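# Residue-level structural notes
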Amino acid sequence: MISLARLLLVPVFAWLVAEGHDAWALVVLAVSGASDWLDGVLARRMHQVTRLGQMLDPAADRLFILVTLVALAWRGIVPLWLVVVLVARDVVLAVMLLVLARAGYPPLRVHLAGKAGTFAIMYAFPLLLLSEWPSAVGIAAGVVGWACALWGVGLYWFAGALYLTQAAAVIHADARASRATRTP
């Protein structure tokens, strides 16, 4: 339910940024980030981790990241290269998931590096939005926001490389096992 609520906040956030209601957009981002954390904590503590939740939570993260990136780029807050770098990684991993699914494998387990990269990127967005405010707070938010964004991009791609390596190992191990069972 919490992930679904986060998904419903995505168009609200997009509208707020498009209309220049930055303070409310920051509130929505903060609520989304807090609800993402709360969702995971509650699911683990209450032993209610579900397959749907495991798929919906990353989908909500990806959608929020994409919409936020596009909205911030549209406003000129982040450059287009940041959008391209982050979306390219998600496209590469989407293709990998299709290859795994076609071979009959479920999605790979989430790595800590992937979670940390997503956290850093999602932490960067409100700071980068806050950096638009003409004050010392805006300047400090810009510095910390870009530090989080760049660190997040590095972790995001590092995690992507881990996922690709893991997927290749799974597929190659299965291919070796298939060849071994066919050999007389």
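Presented here is an overview of the structure given in this document. Remember, predicted model here, so these are calculated numbers, not experimental data.

Time to look at the pattern of salt bridges. In this structure the tally under the stated criterion is three salt bridges. As a salt-bridge pair, R62 and D90 come within 3.4 Å of each other at their nearest N and O atoms. With R62 in helix α3 (residues 51-74) and D90 in helix α4 (residues 80-102), the pair connects residues that are 28 residues apart, well separated along the chain. Across the pair D90 and R89 runs a salt bridge, and its minimum N-O distance is 3.1 Å.

It is worth spelling out a nonpolar patch on the surface at this point. Together, F119, Y123, I139, V143 and V144 make up an exposed nonpolar region whose accessible area comes to about 540 Å². Put simply, the parts of the chain that give the nonpolar patch at least two residues each are α5 (112-130) and α6 (136-182). Considering each element in turn, the nonpolar patch owes the most residues, three residues, to α6. Of the residues examined, F119 reaches a relative accessible area of 58% and is grouped as exposed.

The subject of this paragraph is a positive patch on the surface. Residues R44, R45, R109 and K115 make up a contiguous surface patch of positive charge. Structurally, K115 can be placed in helix α5.

Right, let's talk about the nonpolar core for a bit. The biggest cluster of nonpolar side chains holds 32 residues, and the ones touching the most others in it are F13, F64, I65, L69, L86 and F125. When residues of this core are traced back to their parent elements, those giving at least two are α1 (2-18), α2 (22-45), α3, α4, α5 and α6. Ranked by the residues each element gives to this core, the list is headed by α5, at eight residues. In contact with F64, other than residues within four places in its own chain, are R6, L9, V10, F13, V28, L29, S32 and M122. In terms of nonpolar packing, the next biggest core, distinct from the first, is built from eight residues, M96, L100, Y163 and A167 among them.

Reading the values: rules and limits
Think of each chain on its own: its residues are numbered from 1, step by step along the sequence as written. At least 70 in pLDDT is required for a residue's local features to be given in this predicted model, at least 80 for side-chain atom pairs to be given and counted, and no such filter applies to totals for whole chains, interfaces and linings, which use all residues. Hydrogens and waters are ignored; side-chain quantities use all the structure's heavy atoms. Basic side-chain nitrogens of Lys or Arg form a salt bridge, by our definition, when they fall within 4 Å of a carboxyl oxygen of Asp or Glu. Helix and strand assignments come from DSSP, with helices taken as H or I runs of at least 4 residues and strands as E runs of at least 2, each series counted from the N terminus. Patches here are clusters of residues that have more than 30% relative accessible area and form no salt bridge, with a 9 Å joining cutoff for like charges and a 5 Å cutoff for nonpolar side chains (Val, Leu, Ile, Met, Phe, Trp, Tyr). The protein chains shown are the only cover counted for residues, whose accessible areas, like all others here, come from Shrake-Rupley with a 1.4 Å probe. Whether a residue is buried, partly exposed or exposed follows from its accessible area with a 1.4 Å probe, protein chains only, as a fraction of its type maximum: under 20%, in between, or over 50%, in that order. Charge counting follows a simple rule: Lys and Arg are positive, Asp and Glu are negative, and His as well as the terminal groups are ignored. Just so you know, the charge point we use is NZ for Lys, CZ for Arg, CG for Asp and CD for Glu. Only buried residues count toward a nonpolar core, which is a set of Ala, Val, Leu, Ile, Met, Phe, Trp, Tyr and Cys residues joined through side-chain atoms within 4.5 Å. Any two residues whose heavy atoms approach within 4.5 Å are treated as being in contact.

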